[in-house]
Amino acid sequence: MSAFSNYAMPLWSNGPAPGQFYNFPGGSSVQNRDMQFGFKGTFGSQRTSQPITTGTSVVGLKFKDGVVISADTLVSYGSLARYTSMDRVFKVNDYTIIGAGGDFADFQFLKQHIDQKVVDDIAFGDNYHMKPKSLYNWLMRVLYNKRSRFDPLWLDIVVGGMQDGEPFLGHINLRGRAYENNAIATGYGQHLAIPLLREYTENPQVVLDKDQALSLTKKVMEVLYYRDCRGFNKYTQAVATAEGVKVEGPIDVDQNWNLAHMIKGF
């Protein structure tokens, strides 16, 4: 060791440590501010402030012997109808189905974890499979946890399926708020689809069978295509009954533009 090593001065007095940025006198670094407010990470880390590629309404409906969830196949990039053949309704297992609106990238991230849970169930070999209410409760905790960390998953999720022989339908939003109902719609469907669905689901004299539920869902998707500027004329649907789960589509919505000729200027 050199005799002068004890007297060697640093290359940059009061400079940053390797891999960090210089903290100018009188100011505070972004990293220090992150630590002050409880955010762990490196300089420049950010949370999602708004969704980018999004899907619009998801519609869920209970009927006598099961549940149907429907969503169109469009994922928009802002106002651009960018991806027109994206499934937003999925089979989880033989008991559970799921549909998602909101940021599609967030849902892809979340679905990887859901798929892994299904694989784990199969690997255990104990003949136990995740039921819809279990997935519903798990998603509720995950989304609330992410929201509490100021890093939400920008999603509106509808979970359905057969829970111990009975139809189950529930909704979870990006804040972790959750509820169960006989008819659920997200996005613009909350304003347009719910009134059409509740006309049947809240009428005690009407008991929907599978065919009636699918016909009603198709009518609702047609209305959403007319009125929602992020809607699309193709949709997929997942149906869960005691016999199992089936995903169908893409299905074309019925279109009738005869009314356009009655509008002045056409």
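Quick caveat: nothing in here was measured; it's all calculated off a predicted structure.

### Remarks on the overall build of the chain
Here's step 1: For the chain, the count of helices and strands is five helices and 13 strands.
Here's step 2: Taking all contacts inside the chain whose residues are at least 6 apart in sequence as the whole, residues at least 24 apart take part in 62%.
Here's step 3: Only carbon and sulfur atoms are counted for the fraction: they give 52% of the accessible area of the chain, which is about 16100 Å².

### Concerning the confidence of the model for the chain
Here's step 1: Per-residue confidence for the chain gives a mean pLDDT of 82, with 80% of residues at or over 70.
Here's step 2: In the model, residues 26-43 has pLDDT below 50 throughout and makes 17 contacts with residues more than four positions away in sequence or in other chains.

### Some thoughts on the packing of aromatic side chains
Here's step 1: On inspection of all chains with the given rule, the structure shows four aromatic pairs.
Here's step 2: Both rings, one in F104 and one in F107, keep their centres 6.4 Å apart while their planes meet at 45°; by these two values the pair is tilted. In this pair, F104 and F107 are both assigned in helix 2 (residues 104-124), three residues apart and thus about one turn of the helix distant.
Here's step 3: Accessibility expressed as a relative area gives 9% for F104, which makes it buried.
Here's step 4: Each ring, one from Y136 and one from F168, has its centre 5.3 Å from the other, and the planes form 75°; the classification is edge-to-face. Taken as a pair, Y136 in helix 3 (residues 132-148) and F168 in strand 9 (residues 166-172) lie far apart in primary sequence, 32 residues in all.

### Some details on the pairing of strand 5 (residues 80-83)
Here's step 1: Here strand 4 (residues 75-77) pairs with strand 5 via two bridges, running antiparallel. Paired with V75 across the strands is Y83, a residue of strand 5.

### Looking at the side chain of T241
Here's step 1: Counting through the fold element by element, T241 comes out in strand 12 (residues 234-241).
Here's step 2: Separated by 3.1 Å, the side chains of T241 and E243 make a polar contact.
Here's step 3: Each residue touching T241, except ones within four places of it in the same chain, is listed here: F63, D65, G66 and M162.

### A few points about the pattern of salt bridges
Here's step 1: Under the defined criterion, the tally for this structure stands at eleven salt bridges.
Here's step 2: The partner of K131 in a salt bridge is D164, with the nearest N and O atoms 3.5 Å apart. Placement of the pair is K131 in the loop between helix 2 and helix 3 and D164 in the loop between strand 8 (155-163) and strand 9, with a sequence separation of 33 residues.
Here's step 3: By relative accessible area, K131 is classed as buried at 19%.

### Describing the pairing of strand 9
Here's step 1: With respect to burial, strand 9 is a largely interior element, six of its seven residues being buried.
Here's step 2: Pairing geometry for strand 8 and strand 9, over seven bridges, is antiparallel. Each bridged residue has a counterpart across the sheet, and for G161 the counterpart in strand 9 is F168.
Here's step 3: With three bridges connecting them, strand 9 and strand 10 (residues 178-180) associate as antiparallel partners. Of the residues in strand 10, the one forming a bridge with G170 is E180.
Here's step 4: Connecting the antiparallel pair strand 9 and strand 10 is a turn made up of five residues, with G176 showing a positive phi of about 85°.

### Examining the environment of I251
Here's step 1: Relative to the helices and strands, I251 is located in strand 13 (residues 244-252).
Here's step 2: In the structure, I251 is positioned 178 residues away from T73 in sequence and 9.6 Å away in space, judged by C-alpha atoms.
Here's step 3: Beyond its immediate sequence surroundings of up to four residues, I251 is in contact with K218, N233, K234, Y235 and Q237.

### Observations regarding the sheet that holds strand 2 (residues 58-63)
Here's step 1: If you walk across this open sheet you meet the five strands as 11-2-3-12-13, and the pairing is antiparallel. In the strand order of this sheet, the two ends are held by strand 11 (183-185) and strand 13, each with one partner. Geometrically, the sheet is characterised by an average inter-axis angle of 15° between neighbouring strands, direction not taken into account.
Here's step 2: Note that strand 12 and strand 13 share seven bridges and pair antiparallel. When the sheet's bridge partners are listed, A240 is paired in strand 13 with V245.
Here's step 3: On top of the sheet, helix 4 (residues 189-201) reaches strand 2 and strand 11; it is set at about 170° to strand 11, its chief contact.
Here's step 4: Where helix 5 (residues 210-227) meets the sheet, it contacts strand 2, strand 3 (66-72), strand 12 and strand 13, and its direction lies at approximately 160° from that of strand 2.

### Some remarks on the layout of surface pockets
Here's step 1: Volume-wise, the largest pocket comes out at about 300 Å³.
Here's step 2: If you go around the largest pocket, you meet 17 residues; those closest to its centre are P51, T54, G55, T56 and G102.
Here's step 3: A per-class count over the lining of the largest pocket returns six nonpolar, nine polar and two charged.

Thresholds applied
- Residues numbered from 1 in each chain as written.
- Predicted model: local features only at pLDDT ≥ 70, side-chain atom pairs only at ≥ 80, totals over all residues.
- Heavy atoms only, no water.
- Helix = DSSP H or I, 4+ residues; strand = E, 2+ residues; numbered from the N terminus.
- Contact = heavy atoms within 4.5 Å.
- Areas by Shrake-Rupley, 256 points an atom, 1.4 Å probe, with all protein chains shown as cover.
- pLDDT = per-residue confidence, 0-100.
- Phe/Tyr/Trp six-rings, centres within 6.5 Å; stacked < 30°, edge-to-face > 60°.
- Buried < 20%, exposed > 50% of the residue type's maximum accessible area, 1.4 Å probe, protein only.
- Pairing = 2+ DSSP bridges.
- Polar contact = N/O pair within 3.5 Å; in protein donor to acceptor, adjacent residues only side chain to side chain.
- Salt bridge = Lys/Arg side-chain N within 4 Å of Asp/Glu carboxyl O.
- Axes fitted to C-alpha atoms, helices over the stretch in contact; angles between N-to-C directions.
- 1 Å grid on protein atoms, 1.4 Å probe; cavity = no way out; pocket = protein on both sides within 12 Å on 5 of 7 lines; lining within 4 Å.
- Points joined across faces, edges and corners; volume = space filled by probe spheres on them.
- Nonpolar A, V, L, I, M, F, W, Y, C, P; charged D, E, K, R; others polar.

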